[in-house]
Amino acid sequence: MTTPARVPAPTLALSANDYVHGYSSHETRRLTDQADTLAALLHSDSAYPVGSKVLEVGCGVGAQTIHLVTTSPEAHFTAVDISSSSLAEARARVVAHAPGAHVTFLQANLFELPFPEAEFDHVFVCFVLEHLAAPRQALTALRRLLRPGGTLTVIEGDHGSTLFHPDSAYAHAVIDCQIQLQSTAGGNALIGRELHPLLTSAGYQDVTVRPRTVYADRSRPALVNGFTRNTFIAMIESVREDALAAGLITPPDWDRGTADLHRTATDDGTFHYTFFKAVAVNPPSATSAA
Ligand SMILES: C[S@@+](CC[C@H](N)C(=O)[O-])C[C@H]1O[C@@H](n2cnc3c(N)ncnc32)[C@H](O)[C@@H]1O
């Protein structure tokens, strides 16, 4: 088997503040496909009590918000994101699909949220820590907003968990490009495996982390389309220009790698990925974050 050529000394064009996936309509579709396809896997065991106050941090276009309000229709949600355009889409999505839901939207940076201490019973964070340069500090800041005994739920992926057939060094190389670009932008596409130590070091207790495995083959066509093609491969393909501009890979090797990824979504291909879902408690005795 030949292997992809290594391009030496990459010069990366992204700034530390760039959000690696961007805010395009393509990304909106990818996030909603992801959320809808994975709803049972990620949300089936999350329900918030009647009247509880829940903060969703980094709600994006509301792809997870819809599932949260459906599972917990009598909870009161506050959904925040730093992007005003994403929030506008989130609001429209909730109005269209869950008009009676109790959701307040707010544009804000999660590090500077304008809420008093212990304001919320629960905090929910999905696919956000992976984009932050300081995830532990974010978790500490969010703990301040939780009442003592309140819970934090975090869901993150880990691109190092991909296993597929047929295996291909070119496919792994294009995935590595995405991992490198996200790292250069200050994030961590391998953060799922770190959730337990991150939450513990941020002062949470009773931390439980459970892997949530997605496995797709021809017997699960909805997962092949909704996850392998429209979520994972679409995410990798979206960074093509950045990967080439940064000199991380040559165009022929990129094209070979993405073609090999698509091969895993054909009738004799298989694809595996693991998400990590953590639930942790703000210590009952906590009065303020560390
Ligand atoms: C991958 S999207 C996930 C959106 C949503 N949670 C979901 O699962 O579909 C990450 C979101 O985090 C938001 N975000 C990143 N940094 C943020 C910050 N410092 N404060 C608030 N939101 C932030 C981005 O604007 C983006 O909408």
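Treat the numbers as computed from the prediction; the structure is a model and nothing was measured. (Residues numbered from 1 in each chain as written. Predicted model: local features only at pLDDT ≥ 70, side-chain atom pairs only at ≥ 80, totals over all residues.)

Caption draft 1: Structural view of the site of the ligand. Taken together, 20 residues lie around the ligand, and Gly58, Gly60, Ala63, Ile82 and Leu110 are the ones closest in. Split into classes, the residues belonging to the shell around the ligand amount to 11 nonpolar, eight polar and one charged. (Near = placed C-beta within 6 Å. Nonpolar A, V, L, I, M, F, W, Y, C, P; charged D, E, K, R; others polar.)

Caption draft 2: Layout of the UniProt feature "domain: Methyltransferase type" (unreviewed entry) in the chain. When the UniProt feature table is mapped onto this chain, "domain: Methyltransferase type" (unreviewed entry) is found at residues 55-153. Structurally, residues 55-153 is divided into 32% helix and 29% strand, and its ends, taken at the C-alpha atoms, are 10 Å apart. (UniProt positions renumbered as here; feature names shortened; annotations may be inferred. Helix = DSSP H or I, 4+ residues; strand = E, 2+ residues; numbered from the N terminus.)

Caption draft 3: Expanded view of the confidence of the model for the chain. With 91% of its residues at a pLDDT of 70 or more, the chain shows a mean pLDDT of 91. The model gives residues 1-18 a pLDDT under 50, and that stretch makes 32 contacts with residues more than four places away or in other chains. (pLDDT = per-residue confidence, 0-100. Contact = placed C-beta atoms within 7 Å.)

Caption draft 4: The arrangement of the pairing of strand E5 (residues 146-156) in detail. Among the 11 residues that make up E5, eight are buried, leaving the element largely enclosed by the rest of the structure. In this fold, strand E4 (residues 120-126) hands off to helix H4 (residues 135-145), which returns the chain to E5; that crossover is right-handed. (Buried ≥ 20, exposed ≤ 12 C-beta atoms within 10 Å, placed from the backbone. Right-handed = clockwise from strand over helix to strand, strands pointing away.)

Caption draft 5: Region of the structure containing the packing of helix H5 (residues 169-184) against helix H9 (residues 251-263). Running from amino to carboxyl end, H5 crosses H9 at an angle of 105°, the nearest separation of the two axes being 7 Å. In terms of their interaxial angle, H5 and H9 are classed as roughly perpendicular. Side by side, H5 and H9 meet where Tyr170, Ala171, Ala173 and Val174 of the first sit next to Asp253, Trp254, Arg256, Gly257, Thr258, Asp260 and Leu261 of the second. For the contact of H5 with H9, the class distribution of residues is six nonpolar, two polar and three charged. (Axes fitted to C-alpha atoms, helices over the stretch in contact; angles between N-to-C directions. Parallel < 35°, antiparallel > 145°, perpendicular 65-115°, else oblique.)

Caption draft 6: Spatial organisation of the nonpolar core. In this structure, Val123 and Val174 are the most contacted members of the largest nonpolar core, which totals 77 residues. In contact with Val174, not counting residues within four places along its chain, are Ile236, Ile249, Trp254, Gly257, Thr258 and Leu261. (Core = buried A, V, L, I, M, F, W, Y, C linked by C-beta atoms within 7 Å.)

Caption draft 7: View of helix H7 (residues 221-237). Under the 1.5 Å per step criterion, the end-to-end length of H7 is only 21 Å for 17 residues, more than 12% shorter than the ideal 24 Å. Largest kink in H7: about 25°, centred on Thr228. Here H7 has its buried residues at Leu223, Val224, Phe227, Thr228, Thr231, Phe232, Ile233, Met235 and Ile236. On the buried face of H7, the contacting elements are helix H1 (25-43), H5, strand E7 (205-216), H9 and strand E8 (270-281). (Expected span 1.5 Å × (residues − 1). Bend = angle between axes of the 7 residues up to and from the residue.)

Caption draft 8: Inspection of the pairing of strand E2 (residues 76-81) at higher detail. Counting buried positions along E2 yields five of six residues, so the element is predominantly enclosed. As paired elements, strand E1 (residues 53-57) and E2 share five bridges and run parallel to each other. Directly across from Val57, in E2, lies its bridge partner Val80. Once the chain exits E1 it traverses helix H2 (residues 65-71) before rejoining the sheet at E2, and the crossover so formed is right-handed. Of the strand pairs in this sheet, E2 and strand E3 (residues 103-107) are connected by five bridges, and their pairing is parallel. Looking across to E3, one finds that Thr78 is bridged to Thr104. On the question of chirality, the crossover connecting E2 to the parallel E3 by way of helix H3 (residues 84-97) is right-handed. (Pairing = 2+ DSSP bridges.)

Caption draft 9: Quick look at the packing of H1 against H7. In the contact formed by H1 and H7, the axes pass within 9 Å of each other and the chain directions differ by 145°. At the point where H1 passes H7, the crossing takes the left-handed sense. Between H1, through Arg30, Asp33, Gln34, Asp36 and Thr37, and H7, the contact on the second element is made entirely by Ala222, Leu223, Gly226, Phe227, Asn230, Thr231, Ala234 and Met235. (Left-handed = near helix turned anticlockwise from the far one by under 90°.)

Caption draft 10: Up close: the environment of Leu110. By secondary structure assignment, the location of Leu110 is in the loop between E3 and E4. Taking the C-alpha atoms as reference points, Leu110 and Asp81, 29 residues apart in sequence, are found 7.5 Å from one another. When sequence neighbours within four positions are dropped, the list of residues in contact with Leu110 reads Val57, Gly58, Val80, Ala138 and Ala141.

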